[in-house]
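Structural features, examined
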Amino acid sequence: MKKIIAFAFFAITLNSFGQSETKFGKIDSLLNYLASNNKFMGSVAIQESDNIVFEKSYGFADVKNKIKANSETRYKIGSITKMFTSVVIFQLAEEKKLTLDTKLSKFFPSIKNSENISIANLLEHSSGIYSFTNDADYHEYAKLPKTRAELMKKIKAGQPAFQPKEKAEYSNSNFVLLGWIIEDLTKKSYEENINSRIIQKIGLKNTGFSSGAKNEAISYHLNGKNWEAADKEDMSIPGGAGAILSSASDLTKFIDALFAGKLLTQPSLLTMTTIEKGFGKGIFMMPFGERKFFGHTGGIENFSSTLGFYPKEKLSISLLDNGQGGYGMNDIMIGILSIYYKMPYRFPNVKTVDVAVSTLKKYEGTYAAANFPMKISIKEQNAVLICQATGQESFPLNSLSETKFSFDPAGLELVFSENAMTILQGGQEFKLTKEK
């Protein structure tokens, strides 16, 4: 279960491409292009009010058995599960079974600071409870089934990251605890609550729990040019933080029903979507230009997922993948939404040329120039060049030739020569030399 933060859409204006296709035809062309270059494998759905206007799947749900993904393929949605958990908590509050001010100590008094942590703090990540998924051993820990007692021990072992209400910081532990609170209050399993309170209530057909279920996708990572199955997490662990599987269109139906008042009253929805310290209560704000979407992202194993809703237009969009091949979910969503809103957009250059590791190693080092404000660090990692500017996040470069590399989301090209590197971006050119 990966740490997931609020997903952000950032509009990028690029040169437009052919205008003969419809916008949905262009979206299909983009995703086919990415899929054919091993940069995407998954499903997408776009819903306008009650109508699914675009839905398509790309690649395989099961590569080994050559089972293609389709509209009924179920993906592990990771932290989008938190939206489902939040809905049930608000339903229980409407039923007067708890309030958002109810303290965690009523349920789990042995957790540090529980007497000062409210249900609201759990929902909005302001509890200070350490996220056990941040542990260095989590990858191995997650491979085998765990009981509630074992998970509780793991959560309690972490020292508080901060005092309750001091700030907000994403923690999967919050929603695992909320899942248990749902079970203790209702005397039913988390799964039974999701089934009766959401799935059956609004008629979702391909939403449920793992594992080995019909139409379930497997997640993959790209090893060179081949998809290899990723390690699995045991689904006894994520619970209310990330245990649900769903299809693309089921998710758009879910978020549309939520904002249409079919699951919560309007006062509850308003409270859920009020953003404080960067978080709503089980939901995020996700901007795309001037448009403000609400929704969540998810990541578990090698699955990634995004679900968003734009209230003004009653537009729902869901993007699920089980194999990205190094091209980010954010970049794919930028493309889809840019095309949907008829903004200028061109396809990214994702075609990759194989370059020998020995050649990549020659480019390693730190590059600088008097007229350039930052130093640029270049490293080879798993046969890919990784670029990092001073004070910024690192990112992978796409090899266009033995000397030219790109990072398309930023419109960046790097050209290497003997102990030098030329940066091309936005019509500007900077020549940096390698430090000795």
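Here, the structure is the one placed above.
Read on for an overview of the structure. (Residues numbered from 1 in each chain as written. Predicted model: local features only at pLDDT ≥ 70, side-chain atom pairs only at ≥ 80, totals over all residues. Heavy atoms only, no water.)

Bringing the overall build of the protein into the picture now. A count of helical and extended segments in the protein gives 11 helices and 22 strands. At 23 Å, the protein has a C-alpha radius of gyration in line with the 22 Å of a compact globule built from 436 residues. Dimensions of the protein, computed from the C-alpha atoms along their principal axes, are close to 70 × 50 × 45 Å. For the protein, buried positions account for 53% of its 436 residues. Long-range contacts, defined here as pairs at least 24 residues apart, represent 65% of the contacts in the protein between residues at least 6 apart. Element-wise, carbon and sulfur atoms account for 50% of the exposed surface of the protein, whose accessible area totals about 19100 Å². For the protein, the distance from the average site of its 52 positive side-chain charges to the average site of its 45 negative ones is 2 Å. (Helix = DSSP H or I, 4+ residues; strand = E, 2+ residues; numbered from the N terminus. Rg over C-alpha atoms; globule rule 2.2 N^0.38 Å. Buried < 20%, exposed > 50% of the residue type's maximum accessible area, 1.4 Å probe, protein only. Contact = heavy atoms within 4.5 Å. Areas by Shrake-Rupley, 256 points an atom, 1.4 Å probe, with all protein chains shown as cover. Lys, Arg positive; Asp, Glu negative; His and termini not counted. Charge placed at Lys NZ, Arg CZ, Asp CG, Glu CD.)

Once that is clear, we can look at the side chain of Ser-305. Position of Ser-305 relative to the elements: it lies in strand S12 (residues 303–310). Among the residues examined, Ser-305 registers a relative accessible area of 2% and is labelled buried. Within the structure, Ser-305 has its side chain in polar contact with the backbone oxygen of Ile-77 (distance 2.9 Å). (Polar contact = N/O pair within 3.5 Å; in protein donor to acceptor, adjacent residues only side chain to side chain.)

Take Val-87: it is sitting in helix H2 (residues 81–94). The exposure class of Val-87 is buried, given its relative accessible area of 0%. Sequence separation between Val-87 and Val-176 is 89 residues, and the spatial gap between their C-alpha atoms is 14 Å. Among all residues touching Val-87, those that are not within four sequence positions of it are Ile-198, Phe-254, Leu-258, Leu-263, Leu-264 and Met-272.

What follows covers the nonpolar core. Side chains that are nonpolar tend, in soluble globular proteins, to be buried together. Ranked by size, the top nonpolar core spans 69 residues in total, and within it Phe-84, Ile-119 and Leu-177 carry the most contacts. Ranked by residues supplied to this core, first place goes to H2 with 8 residues. In this structure, Phe-84 is in contact with Ile-77, Tyr-190, Ile-194, Ile-198, Leu-204, Thr-207, Ile-244, Leu-251 and Phe-254, ignoring residues within four places of it in sequence. The next biggest cluster of nonpolar side chains, apart from the first, holds 32 residues, and it includes Ile-46, Ala-168, Phe-284 and Tyr-341. (Core = buried A, V, L, I, M, F, W, Y, C linked by side-chain atoms within 4.5 Å.)

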